[in-house]
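A structural walkthrough
If you want the building blocks of each chain, they are given just below.
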Amino acid sequence: METREKIIIIGGGFAGLQLAKTLNNKNKKVIVLDRMNHHMFQPLFYQVASGRIEPSNISFPFRKIFQQSRNTQFRMTEVKEIDPANHKVITDEAEFTYDKLIIATGCKTNFFGNKDLEGKAFGMKNTQEAISIRNHVLMTFEKLIIEKSRSDDGNWNIVIVGSGPTGVELAGAFAEMKKDILPRDYPYMNFDHLKIILVSSTEKPLAVMSSEAQEKSEKYLKDLGVTFMSGEVVTDYDGDKVHLKSGKEIPSNNVIWAAGVTGNVVGGFPEDKLVRNRYIVDRYNKIQGYDNIYAIGDIAYMETPKYPQGHPQVANVAINQAKNLGKNLLKKSREEWKEYEYDDKGSLATIGKHRAVVDLPFIKFQGFLAWYFWMFLHLMLILSVRNKLAIFFNWMWSYINKDSSLRLIIIPTKKNGTLQ
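Residues numbered from 1 in each chain as written. Predicted model: local features only at pLDDT ≥ 70, side-chain atom pairs only at ≥ 80, totals over all residues. Heavy atoms only, no water.

In the annotation of an unreviewed UniProt entry, the protein is listed under the name NADH:ubiquinone reductase (non-electrogenic) and assigned to Chryseobacterium culicis. The annotation that UniProt attaches to the protein under Catalytic activity (unreviewed entry) is "a quinone + NADH + H(+) = a quinol + NAD(+)". Heading Sequence similarities (unreviewed entry) of the UniProt record for the protein holds this comment: "Belongs to the NADH dehydrogenase family." (UniProt positions renumbered as here; feature names shortened; annotations may be inferred.)

Structural data, given as structure tokens:
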């Protein structure tokens, strides 16, 4: 009886999950390793952070996903190191051997080595961080209504650093929250004092999109009352004030960092296998110098004629690299393998109700039509029918009432000095 090839996938993000689904119920033994027990739909984290949807609506347990699988297993564990010489993955609880290894560990927030920023600002790369932002911002207003004073100006400034899609979408969501929701929740507070400040190192928001999208998104932000600070670089944050390279300071107790990402590199590889904290791979996603180890998604650095500086770290690249590698792994001969190249389908971002920008290869458009397009596309990408319906209901309720009922403050309790 032929022994099935054992494939280990580290990471269950867009790339890892897509690869596992491509190999599902095929003649391979697949093990998915992840430190979380669920896949997260990251493009909607900003809606969790602003109380628009519940975390469960965009989180999908791996064991549920692979419940009917005949060949795929899941293990919840954190990978510490890879031992390529002995074909082993070393985790905090066990060791796993493999015939082929695929690294799909994605990215984490890049604080550029600034420990103060890392310790005091909020990132938004996982469910826990999105929930922490929601808790912290809502607790700010709970404290303010008790204090009944503006003694700390930092409570009245929500600072978002980075004007890519995440920063812009989050700024728009908080601006709408300020206008439509908070005055109803806290009728005796004057929210004219509350400022949503978007700090950008570029002159325009959404610098990777078209000039039309940049101009329109800046207009949308200003229409919503967002303070857009262009050409500013954050150098430090001490917990009370954001320090800018220009010498300016912004008092704030609510700072969200959306200014960049860096690869989640796993130990066990020499430095010369990395470029900008990403594994150097060939056109088949094989890591340079190894015959049976691959990297896909955000963690992979692949140079191609169309992308000589590597592919953008976006979900479409991750999903399509995973599909291509999965199909290659199922072919009988290496000669049949297909090289990967990214076909850019476009980009989009939303900046509040009826405000969105869409750049497609054949057309660019903005406004309410773009907003509906954004909603439809994201809804279709959600995994389960139940979650699609839950999100659709929340969106429709918010659309009609300009409100939601999801502003729960969930803070872990402490017992004997430890979180419970």
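Now, onward.
Digging into the domain arrangement of the protein
Accessible area lost upon the coming together of the parts is a frequently used measure of interface size. Here the domain parsing of the protein yields domain 1 (6-109 + 262-336) and domain 2 (115-259). If you average the C-alpha positions of domain 1 and of domain 2, the two centres end up 32 Å apart. Of the residues lining the interface, 20 residues belong to domain 1; the matching set on domain 2 comes to 18 residues. Interface area for domain 1 against domain 2, summed over the two sides, is near 1600 Å², with a carbon-plus-sulfur share of 61%. Contact with domain 2 buries surface across domain 1, with Tyr46, Ala49 and Thr109 losing the most and accounting together for 34% of the total. (Domains from an automatic or database assignment. Contact = heavy atoms within 4.5 Å. Buried area = accessible area lost by both parts, 1.4 Å probe.)

Concerning the packing of aromatic side chains
Tallied over the entire structure, the rule returns 19 aromatic pairs. With 5.2 Å between their ring centres and 65 degrees between their planes, phenylalanine 269 and tyrosine 279 make a pair best called edge-to-face. Taken together, the residues phenylalanine 269 in the loop between strand S18 (261-263) and strand S19 (274-275) and tyrosine 279 in strand S20 (residues 278-280) connect sequence positions 10 residues apart. By relative accessible area, tyrosine 279 is classed as buried at 0%. Taken together, a centroid distance of 6.2 Å and an interplanar angle of 25 degrees make the contact between phenylalanine 393 and tryptophan 397 stacked. A residue pair is termed a helical-turn pair when its members lie 3 or 4 positions apart in one helix, as phenylalanine 393 and tryptophan 397 do in helix H10 (residues 385-401) at four residues. (Phe/Tyr/Trp six-rings, centres within 6.5 Å; stacked < 30°, edge-to-face > 60°. Helix = DSSP H or I, 4+ residues; strand = E, 2+ residues; numbered from the N terminus. Buried < 20%, exposed > 50% of the residue type's maximum accessible area, 1.4 Å probe, protein only.)

Considerations on the pairing of strand S7 (residues 88-91)
Burial along S7 is one-sided: Val89 and Thr91 are buried, and none of Lys88 and Ile90, which face the opposite way, are. Summarising the sheet, strand S6 (residues 79-83) and S7 pair through four bridges and their orientation is antiparallel. Within S7, the position partnered with aspartate 83 by the bridge is lysine 88. Bridge count between S7 and strand S8 (residues 95-97): three bridges; the pairing is antiparallel. (Pairing = 2+ DSSP bridges.)

Considerations on the sheet that holds strand S2 (residues 28-34)
The sheet built from five strands is open, its strands ordered S5-S2-S1-S9-S21 with parallel pairing. Sheet topology places strand S5 (72-76) and strand S21 (293-295) at the edges, where each strand pairs with a single neighbour. Pairwise comparison of adjacent strand axes, ignoring direction, gives a mean angle of 20 degrees for this sheet. Bridging between strand S1 (residues 5-10) and S2 involves six bridges; their strand directions are parallel. In the sheet register, glutamate 5 faces S2, and the bridge partner there is lysine 28. Together, S1, S2, S5 and strand S9 (100-103) form the strand contacts of helix H1 (residues 14-23), whose direction differs from that of S1 by roughly 155 degrees. Sitting on the sheet, helix H8 (residues 315-329) is in contact with S1, S2, S9 and S21, with an inclination near 175 degrees to S9. (Axes fitted to C-alpha atoms, helices over the stretch in contact; angles between N-to-C directions.)

Points about the environment of lysine 402
Residue position: lysine 402 is located in the loop between H10 and strand S26 (414-415). Between the alpha carbons of lysine 402 and lysine 179 there is a distance of 9.6 Å; along the sequence they are 223 residues apart. Not counting residues within four places of it along the chain, the set of residues in contact with lysine 402 comprises Asp180, Ile181, Arg184, Lys353 and Trp397.

A short note on a nonpolar patch on the surface
Judged by side-chain polarity, Phe368, Leu369 and Tyr372 come together as a nonpolar surface patch covering roughly 330 Å² of accessible area. In this structure, phenylalanine 368 sits in helix H9 (residues 368-381). By relative accessible area, which is 53% here, phenylalanine 368 ends up exposed. (Patch = residues over 30% accessible without salt bridge, like charges linked within 9 Å, V, L, I, M, F, W, Y side chains within 5 Å. Areas by Shrake-Rupley, 256 points an atom, 1.4 Å probe, with all protein chains shown as cover. Salt bridge = Lys/Arg side-chain N within 4 Å of Asp/Glu carboxyl O.)

What about the nonpolar core?
If you look at the biggest cluster of nonpolar residues, it comprises 83 residues, and the most contacted ones within it are Leu19, Leu44, Ile58, Ile102, Phe141 and Phe174. A total of nine residues in this core trace back to one element, the largest contributor, which is helix H6 (residues 165-185). Per-domain counts for this core show at least three residues from each of domain 1 (6-109 + 262-336) and domain 2 (115-259). Residues in contact with isoleucine 102, not counting those within four places in the same chain, are Ile7, Ile8, Ile9, Ile10, Leu19, Tyr294, Ile296, Leu325 and Leu329. (Core = buried A, V, L, I, M, F, W, Y, C linked by side-chain atoms within 4.5 Å.)

Some details on empty space enclosed by the protein
Counted by the stated rule, this structure contains one cavity of 30 Å³ or more. What the largest cavity holds in volume is close to 340 Å³. Lining the largest cavity are 21 residues, and of these Arg52, Glu176, Lys353, Trp371 and Ser398 sit closest to its centre. Of all the elements in the fold, those that place two or more residues in the lining of the largest cavity are helix H2 (45-49), H6, H9 and H10. With seven residues, H6 is the largest single contributor of residues to the lining of the largest cavity. Grouping the amino acids of the lining of the largest cavity by side-chain chemistry returns nine nonpolar, six polar and six charged. Shared between two domains, the lining of the largest cavity holds at least three residues of each, these being domain 1 (6-109 + 262-336) and domain 2 (115-259). (1 Å grid on protein atoms, 1.4 Å probe; cavity = no way out; pocket = protein on both sides within 12 Å on 5 of 7 lines; lining within 4 Å. Points joined across faces, edges and corners; volume = space filled by probe spheres on them. Nonpolar A, V, L, I, M, F, W, Y, C, P; charged D, E, K, R; others polar.)

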